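Here are the chains, one letter per residue:
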Amino acid sequence: HEAIPYFERVISLVPASHDPDTYFLMVNGLICSNRLIGNYNKSLKWFEAGMVEITKIPSHFVKLSLLGEYIDLLSDWKHPFDYTYAPIIKDVQESLGFENKALDPVELVMWMRKLNKHWNRRLGEILLLDPDKTDLIKTYQEYIDECEIGWYKKYVQQIVDNKAKS
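Figured I'd write up the structure that's included with this text.

Focus on the side chain of Asn28
Argument step 1. Here Asn28 lies in helix H2 (residues 20-36).
Argument step 2. Excluding residues within four positions of it along the chain, Asn28 makes contact with Ser65, Leu66 and Glu69.

Structural data, given as C-alpha cells:
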C-alpha cells in the first residue's frame, strides 16, 4: 500500500520508451499492490496501461510476468478474461519455446508461470555450483535434456558451447 505512490512517481519520471525494464517492474508492482488491497479497478487500469506499451517490452519473460499479474487480478476479482489478450499469450508461448498446449489462455499463463519458475530456479541452482566440485558440462547437458522451455535450453546450450571453446 505504501509502495504505490513510489511506483507511480517512478512511472511518471521513467517512461517505457526510456527504460522499459524499470517501467514494467513498476507497472507489475502497481498491478499487484492495488490487487492485494482490493483496488481491482486501479489494478486493471495499470495492467491496461502496461499493455498499451507492450511493444516496448524487450523480454517475453517480462510479458509473461505482466500477464501473470493480470491472471492473479482476474482470479481475486472473479472478473472474466478479456480474449483480446489471447494472441499476446500465444506469442509469449511460442517465443519462449513452451510446448504447444491447447489450454484456455488463463490456464496457459498459469502453466507457463509454473514451468518458468521451476526451470529458472533450477538453472539458478546450477549456476551457483562450484565448478571445481561439479562436472558442469554434464550438469548443463542434463538440464538441456530435461528442460521443457526452449529459451532456457538454447541459453544453456550457448553456455556449453562457450565452455567447449575455452
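Let's talk about helix H3 (residues 40-52)
Argument step 1. Over its 13 residues, H3 runs 18 Å from end to end, which matches the ideal 18 Å to within 8%, given 1.5 Å per residue.
Argument step 2. Those residues of H3 that sit buried are Ser43, Leu44, Trp46, Phe47, Gly50 and Met51. Down the axis of H3, the buried set is contained in an arc of 160°. They therefore lie on one face. Set apart from the buried face of H3 by more than 90 degrees, the exposed residues are Asn41 and Val52.
Argument step 3. Buried positions along H3 lie against helix H1 (3-13), H2, helix H4 (60-77) and helix H5 (86-96).

Observations concerning the pattern of salt bridges
Argument step 1. On inspection of all chains with the given rule, the structure shows seven salt bridges.
Argument step 2. For Glu8, the salt bridge identified is with Lys42, shortest N-O distance 3.8 Å. With Glu8 in helix H1 and Lys42 in helix H3, this residue pair connects regions lying 34 residues apart in the sequence.
Argument step 3. Judged by relative accessible area, which is 27%, Glu8 ranks as partly exposed.
Argument step 4. Here Arg122 ties to Glu146 by a salt bridge, and the two come within 2.5 Å at their closest N and O atoms. Pair noted here: Arg122 is in helix H6 (residues 105-127) and Glu146 is in helix H7 (residues 136-146), with a separation of 24 residues, a long-range link.

Re helix H8 (residues 150-165)
Argument step 1. An ideal rise of 1.5 Å per residue puts 22 Å on 16 residues; H8 measures up with 23 Å between its terminal C-alpha atoms.
Argument step 2. Next to the buried residues of H8 lie H4, H5, H6 and H7.

Details of the packing of aromatic side chains
Argument step 1. Within the structure shown, the criterion is met by 14 aromatic pairs.
Argument step 2. Where Phe47 meets Tyr85, the ring centres are 5.0 Å apart and the plane angle is 80°; that geometry is what we call edge-to-face. Taken together, the residues span a long stretch of sequence, with Phe47 in helix H3 and Tyr85 in the loop between H4 and H5 at a distance of 38 residues. Here the two residues Phe47 and Tyr85 agree in accessibility, since each one is buried.

Reading the values: rules and limits
- All residue numbers refer to position in the chain's written sequence, counted from 1.
- Owing to the predicted nature of the model, reporting of local features is limited to residues with pLDDT of at least 70; listing and counting of side-chain atom pairs is limited to 80 or more, with chain, interface and lining totals taken over all residues.
- Water and hydrogen atoms were dropped before computing side-chain values, which therefore reflect all heavy atoms in the structure.
- Here a helix means four or more residues in a row that DSSP labels H or I, a strand means two or more in a row labelled E, and each is numbered from the N terminus.
- We call two residues contacting when some pair of their heavy atoms lies within 4.5 Å.
- By definition here, a helix of n residues has an expected span of 1.5 Å times n minus one.
- Burial classes: relative accessible area under 20% of the type maximum marks a residue as buried, over 50% as exposed, and values in between as partly exposed (1.4 Å probe, protein chains only).
- The directions considered for the arc are those from the helix axis to the C-beta atoms.
- The rule for a salt bridge is simple: a side-chain nitrogen of Lys or Arg has to be within 4 Å of a carboxyl oxygen of Asp or Glu.
- Each Phe, Tyr or Trp ring (for Trp, its six-membered ring) is paired with any other whose centre lies within 6.5 Å, and the angle between the two planes then decides the class: stacked below 30 degrees, edge-to-face above 60, tilted in between.

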